[in-house]
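Spelled out, the chains give:
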Amino acid sequence: MSRSICIPLLALTLFLPGTAPADDLDDADGSAPPAARRQQPAAPATPAADPHAHHHGGDDGGVARPDSHAPIGVMGDHMHAAGEFMLSYRYMFMNMDGSRDGDDSISDGRVLRDYPVTPTSMDTQMHMFGLMYAPLDQVTLTAMLPLVQKDMDHITRLGGKFSVDTFGVGDFKLGALVRLWENETHHFHLNAALSFPTGSTTEKDDTPVGNVRLPYPMQLGSGTYDILPGVTYTGQTDAWSWGAQASGVIRTGRNDENYRLGNGYELTAWGAKPWTEWVSSSLRLKWKDFGNITGADGRFNPQMVPTADPDLRAFRRLDIGVGLNFIIPRGFLKGNRLAVEAEFPLYQHVDGPQLEQDWMVTAGWQYAF
Ligand SMILES: [Cu+2]
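For clarity, every value in this text was computed on a predicted model and none was experimentally measured. (Residues numbered from 1 in each chain as written. Predicted model: local features only at pLDDT ≥ 70, side-chain atom pairs only at ≥ 80, totals over all residues.)

A. The overall build of the chain, seen in detail. Of the regular secondary structure elements, the chain holds five helices and 17 strands. The buried share among the 369 residues of the chain stands at 36%. Here the analysis covers contacts within the chain between residues at least 6 apart in sequence; of these, 67% occur between residues at least 24 apart. (Helix = DSSP H or I, 4+ residues; strand = E, 2+ residues; numbered from the N terminus. Buried ≥ 20, exposed ≤ 12 C-beta atoms within 10 Å, placed from the backbone. Contact = placed C-beta atoms within 7 Å.)

Pasting the structure below:
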């Protein structure tokens, strides 16, 4: 996946003026050692490619490139130099509207032929607070705490409508990024994290049958300790940057409600272009594949509503994402990053009936010190 994106990007850069030729000019007098050359201020459209410049941001005028961080929807994409901290906040909004079975959209009426109740739409909002700290150049530690809000609308076979919502802390994640290899252009690291079952799996709300426990997709956490392995590659030239990440979710055991959510994995690859010293744009593809639930919460009746069926949770989906990254280049907010990314499905398949994804947007703030 990374190859299909990176090779055209690399090929393109060979033909762009101001990248390779500029280096040749710098080399002409033969006096500037490579390290010194990298510190020189670069033209606005081709900021310096120093892999570490982005977090030093000292008095030398060097501030990070906007695209030295991945599109904001990617987690654990970059590492920090020893001694650095980074605070971050992300806001995510995900919209699901209408049902789907397999590859095809189906009407609510079609679902109501088999079930007395069907969900019609769902909004998921997440406030994600993050902290990064690098004890060593080769290791960056990460902590993430999400606040989750979910809203789901339903209709019944008899024509009734009702909504349920949940809000609270999601699953807390603690992880480490470990440098595998890097040179000036290419960087590889390992992602390893553990997800703690801090999010509730027993959320209730009012429904036509009383104040009852809500089905699987309305719960706030997995209820299990989950292992999150991954590997990340990023690359950068003066004119472009790109990257790819493979990550997985491996649930362990079963939760107190006697089930575990499906395991899954995600593959993503992106390319980004800095336009000025303070803004870059990105294009990304993301493939996500998650399985069904093992076991079941005995309180649910899967004949009642599809969301209560542990065998109707699996999905696989290809999303395209368009994003913007900003970094404030000077002034007292220098080094603050703002970013936004919107993602839309190009393809999705579900074990249905199940709600289908329509779009999601992620906006975030990051600051390293
Ligand atoms: Cu960071």
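B. Representation of the pairing of strand β6 (residues 172–182) within the structure. Bridge analysis of strand β4 (residues 139–156) against β6 gives six bridges, and the strand direction is antiparallel. Across the sheet, the residue bridging to T142 is G175, located in β6. Bridge count for β6 against strand β7 (residues 186–196) is 10 bridges, and the pairing is antiparallel. Paired with W181 across the two strands is F188, which belongs to β7. Taken together, β6 and the strand that follows it, β7, pair antiparallel across an intervening segment of three residues. (Pairing = 2+ DSSP bridges.)

C. Structural view of the nonpolar core. Counting residues in each nonpolar core, the largest one holds 11 residues, listed as A70, V74, M75, Y233, A239, W240, W242, A244, A269, W270 and A272. Elements with a minimum of two residues in this core: β11 (241–251) and β13 (264–274). Take this core: its biggest share by element is three residues, from β13. Core analysis: the second largest hydrophobic core is formed by seven residues, M96, V164, L214 and L355 among them. (Core = buried A, V, L, I, M, F, W, Y, C linked by C-beta atoms within 7 Å.)

D. Looking closely at unusual backbone geometry. P353 follows G352 through a cis peptide bond whose omega is 5°. Its place among the elements puts P353 in strand β17 (residues 337–368). Positive phi, normally seen in glycine, also occurs at N258, with a value near 75°. Of note, N258 is situated in the loop between β11 and β12 (259–260).

E. Region of interest: the environment of F326. Positionally, F326 belongs in strand β16 (residues 315–327). Judged by local crowding, F326 falls into the partly exposed class, with 15 C-beta atoms found within 10 Å. Ignoring any residue separated from it by four or fewer positions in sequence, one finds F326 in contact with P66, W278, V279, R337, L338 and A339.

F. Molecular detail of the environment of L312. Mapping L312 onto the fold places it in the loop between β15 (294–295) and β16. Residues L312 and Q354, spaced 42 residues apart in sequence, show a C-alpha to C-alpha distance of 6.7 Å. The contact partners of L312, leaving out residues within four places of it in the chain, are P306, D351, G352, P353 and Q354.

G. Quick look at the environment of D153. Within the fold, D153 resides in strand β4. Separated by 12 residues in sequence, D153 and D165 place their C-alpha atoms 8.9 Å apart. Not counting chain neighbours up to four residues away, the residues in contact with D153 comprise P119, T120, S121, K161 and S163.

H. Representation of the pairing of strand β9 (residues 210–213) in the model. Bridge count between strand β8 (residues 204–207) and β9: four bridges; the pairing is antiparallel. Within β9, the residue paired with D206 across the bridge is N211. As consecutive antiparallel partners, β8 and β9 are separated by two residues.

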